[in-house]
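# An overview of the molecular structure
Residue strings, one per chain:
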Amino acid sequence: MATSRLPPATLTLKQFMRRQQVLLLYRRILKAIRQVPNDSDRKYLKDWAREEFKRNKSATEEDTIRMMITQGNMQLKELEKTLVLARS
């Protein structure tokens, strides 16, 4: 029986791609939060984003992760819309 040369913690291609999606979402959220004009609101949102991502760090089920990415993208769009309205 052939054994794999990869260490046990190696990600599959699908897991690697999901991880990249999550990291991109996190960076986009933090970038949007930097545009919030109020310091206390900005700190609150940054702490909220960190805690949400930390809390869900151990999620492994594919459907759950996909759902969380979708929800995160929707929340990001809402934040971006709010920032556009605040500027006008």
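An unreviewed UniProt entry lists the protein under the name LYR motif-containing protein 2, from Ovis ammon polii. Word for word, the UniProt comment on the protein under Subcellular location (unreviewed entry) is "Mitochondrion". Recorded in UniProt under Function (unreviewed entry), the annotation for the protein is "Involved in efficient integration of the N-module into mitochondrial respiratory chain complex I."

A grouping of L11, L13, F16 and M17 is seen on the molecular surface, where their side chains present a nonpolar patch of about 420 Å² in accessible area. In this fold, L13 is placed in helix α1 (residues 13–33).

Rules behind the numbers
Residues numbered from 1 in each chain as written. Predicted model: local features only at pLDDT ≥ 70, side-chain atom pairs only at ≥ 80, totals over all residues. Heavy atoms only, no water. UniProt positions renumbered as here; feature names shortened; annotations may be inferred. Patch = residues over 30% accessible without salt bridge, like charges linked within 9 Å, V, L, I, M, F, W, Y side chains within 5 Å. Areas by Shrake-Rupley, 256 points an atom, 1.4 Å probe, with all protein chains shown as cover. Salt bridge = Lys/Arg side-chain N within 4 Å of Asp/Glu carboxyl O. Helix = DSSP H or I, 4+ residues; strand = E, 2+ residues; numbered from the N terminus.

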